[in-house]
Amino acid sequence: MGQFNFVLITSLLLAFSTNIMKPCEAQLSSTFYDSRCPRATSIIRTSIRQAISRERRMAASLIRLHFHDCFVQGCDASILLDETSSIQSEKTAFPNRNSARGFEVIEAAKLAVERVCPGVVSCADILTLAAREASVAVSGPSWTVRLGRRDSTTASRSLANSDLPGPGSTLAQLISSFANKGLSERDMVALSGSHTLGQAQCFLFRTRIYGNGSDVDAGFASTRRRRCPQTIGTGDSNLAPLDLVTPNSFDNNYFKNLNQRKGLLQSDQILTTGTSATFVAEFSRNPRAFATAFANAMIKMGEIQPLVGTNGIIRRVCNAIN
Ligand code: HEM
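Criteria and thresholds
Residues numbered from 1 in each chain as written. Predicted model: local features only at pLDDT ≥ 70, side-chain atom pairs only at ≥ 80, totals over all residues. Heavy atoms only, no water. Axes fitted to C-alpha atoms, helices over the stretch in contact; angles between N-to-C directions. Helix = DSSP H or I, 4+ residues; strand = E, 2+ residues; numbered from the N terminus. Left-handed = near helix turned anticlockwise from the far one by under 90°. Contact = heavy atoms within 4.5 Å. Nonpolar A, V, L, I, M, F, W, Y, C, P; charged D, E, K, R; others polar. Donors = N, O, S within 2.8 Å, 3.2 Å for Na, K, Ca; no water. Phe/Tyr/Trp six-rings, centres within 6.5 Å; stacked < 30°, edge-to-face > 60°. Lys NZ or Arg CZ within 6 Å of the ring centre and 35° of its normal. Buried < 20%, exposed > 50% of the residue type's maximum accessible area, 1.4 Å probe, protein only. Near = heavy atom within 4 Å. Polar contact = N/O pair within 3.5 Å; in protein donor to acceptor, adjacent residues only side chain to side chain. Domains from an automatic or database assignment. Salt bridge = Lys/Arg side-chain N within 4 Å of Asp/Glu carboxyl O. Core = buried A, V, L, I, M, F, W, Y, C linked by side-chain atoms within 4.5 Å.

**Here's the deal with the packing of helix α5 (residues 103-116) against helix α6 (residues 123-137)**
Geometry of a packed helix pair, given as the angle between the helix axes and the separation of the axes.
So, step 1. Put simply, α5 and α6 touch, their axes get as near as 10 Å, and they point 115° apart. Considering the relative orientation of α5 and α6, their crossing is right-handed. Here I106, A109, K110 and V113 of α5 lie close against α6, whose contacting residues are C123, I126, L127 and A130.
So, step 2. Here the contact of α5 with α6 is composed, by residue class, of seven nonpolar, no polar and one charged.

**A word on the coordination of the iron atom of the ligand**
So, step 1. Inspection of the coordination sphere of the iron atom of the ligand shows a single protein donor, H195 (NE2), at 2.1 Å.
So, step 2. Mapped onto the elements, H195 comes out in the loop between α9 (185-192) and β1 (199-201).

**A look at the packing of aromatic side chains**
So, step 1. All told, the structure shown has 12 aromatic pairs when counted by the stated rule.
So, step 2. When the centroid spacing of 5.0 Å and the interplanar angle of 0° are considered together, the rings of F250 and F290 count as stacked. In this pair, F250 is assigned in the loop between β2 (239-241) and α12 (253-259) and F290 in helix α15 (residues 287-301), connecting sequence segments 40 residues apart.
So, step 3. Put simply, the rings of W143, F250, Y254, F255, F283, F290 and F294 pair up and form one aromatic cluster.
So, step 4. R36 extends its terminal NZ or CZ atom over the ring of F32, reaching a point 3.7 Å from the ring centre.

**Quick word on helix α10 (residues 202-210)**
So, step 1. Buried residues of α10: C202, F205, R206, R208 and I209, and no others.
So, step 2. Looking at the buried positions of α10, the neighbouring elements they touch are β1, α11 (218-226), β2 and α13 (266-269).

**Details of the site of the ligand**
So, step 1. Around the ligand there are 27 residues in total, and R57, S61, S99, H195 and Q201 lie nearest to it.
So, step 2. Between the ligand and R57, the relevant distance is 2.7 Å, taken from an oxygen atom to a side-chain nitrogen or oxygen of the residue.
So, step 3. Contact distances for the ligand include 2.7 Å between an oxygen atom and a backbone N or O atom of Q201.
So, step 4. The set of elements that each furnish at least two residues to the shell around the ligand consists of α4 (58-70), α8 (171-179), α9 and β1.
So, step 5. When residues of the shell around the ligand are assigned to their parent elements, the largest contribution, five residues, is made by α4.
So, step 6. Considered class by class, the residues forming the shell around the ligand number 14 nonpolar, 10 polar and three charged.
So, step 7. Both domains that furnish three or more residues to the shell around the ligand are identified here as domain 1 (32-163) and domain 2 (171-300).

**A look at the pattern of salt bridges**
Oppositely charged side chains may form a pair once their charged atoms are brought near each other.
So, step 1. One pass over the structure, following the stated rule, counts 13 salt bridges.
So, step 2. A salt bridge links R132 to E133; the nearest nitrogen and oxygen atoms lie 3.0 Å apart. When sorted by exposure, R132 lands in the same class as E133, which is buried.
So, step 3. Residue K300 pairs with D187 through a salt bridge whose shortest N-O separation is 2.6 Å.

**Focus: the nonpolar core**
So, step 1. Membership of the largest hydrophobic core comes to 72 residues, with the highest contact counts inside it found for L80, I106, L271 and M301.
So, step 2. Counting contributing residues per domain, this core is built from domain 1 (32-163) and domain 2 (171-300), each supplying no fewer than three.
So, step 3. Not counting residues within four places of it along the chain, the set of residues in contact with L271 comprises L171, L174, M188, V189, S192, Y254, L258, S276, A277 and V280.

Laid out in structure tokens, this is it:
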């Protein structure tokens, strides 16, 4: 063998071996469970569908649970962990306390999938898939979910309090809290369109319906006042639909309501001001543009700082670490 060939072959071998020695960079993939647990997605789909057919609002609650997970240390199922001596549960943070729902639905889906493939499917992936199934179940868009997220061993009540936007936020605060998670203003408006589903409690929209601002329709405010008394501490948890027309199905009525100054939360109505107004106008005119923007933004939101590869764990149950 000539010297040239020898050098060529050894350098090829070296390149090959260093390549296979190099740990392949772990990333999310739509086929992640295809070999590891081929039935995972269908088991989860069935379980989530059952829960939503028992209670339609559950679709809203599951989409919100995924949002509240992803905005706090990334999509790592940290929101599902119960309080222990070493874990400060996010469940009791202000945005979640007496408000976040659907924990038992995720736990039931986890149990169903554990029976078939123990220790394989993460709670973080179940939450992400649940949000997609919830959208589909109420006639919303579908999208491809990339999988392979792992679960955290920690939670952070303080990050839940600081990183989740509140209903009294200014537009600038909303834009920056989403920008901090890599989401654009258009993503923020599209994702707020989740408020086409679900309910909110009186104490979270009282100021708006009793204020004398010009950004609220008078008839709408007076209707909402009937079940939301002005006195703090009375009827605080009475519910009103976030989309007054069709709270149980995914459509663009939420944006049409905003154009009529009938947004329930201050943080909804504020989207008709400043730079967000163009997106509200677009989505209220064009339901397909909304559905596409929503699906794309859900994919982006679902991929905030995932734990992949050897980071994190696969929890055996979702509310505690192994
Ligand atoms: C833009 C900032 C946002 C603010 C300030 C906000 C605030 C709120 C508030 C105050 C409620 C009512 C909670 C209660 O009454 O207990 C609510 C409900 C809800 N939010 Fe948001 N939200 C925002 C963005 C989002 C996003 C990005 C999503 C999902 C991608 C989302 C999905 C939902 C859903 C589906 C409900 C109804 C939940 C149910 O009926 O159980 N929200 N939101």
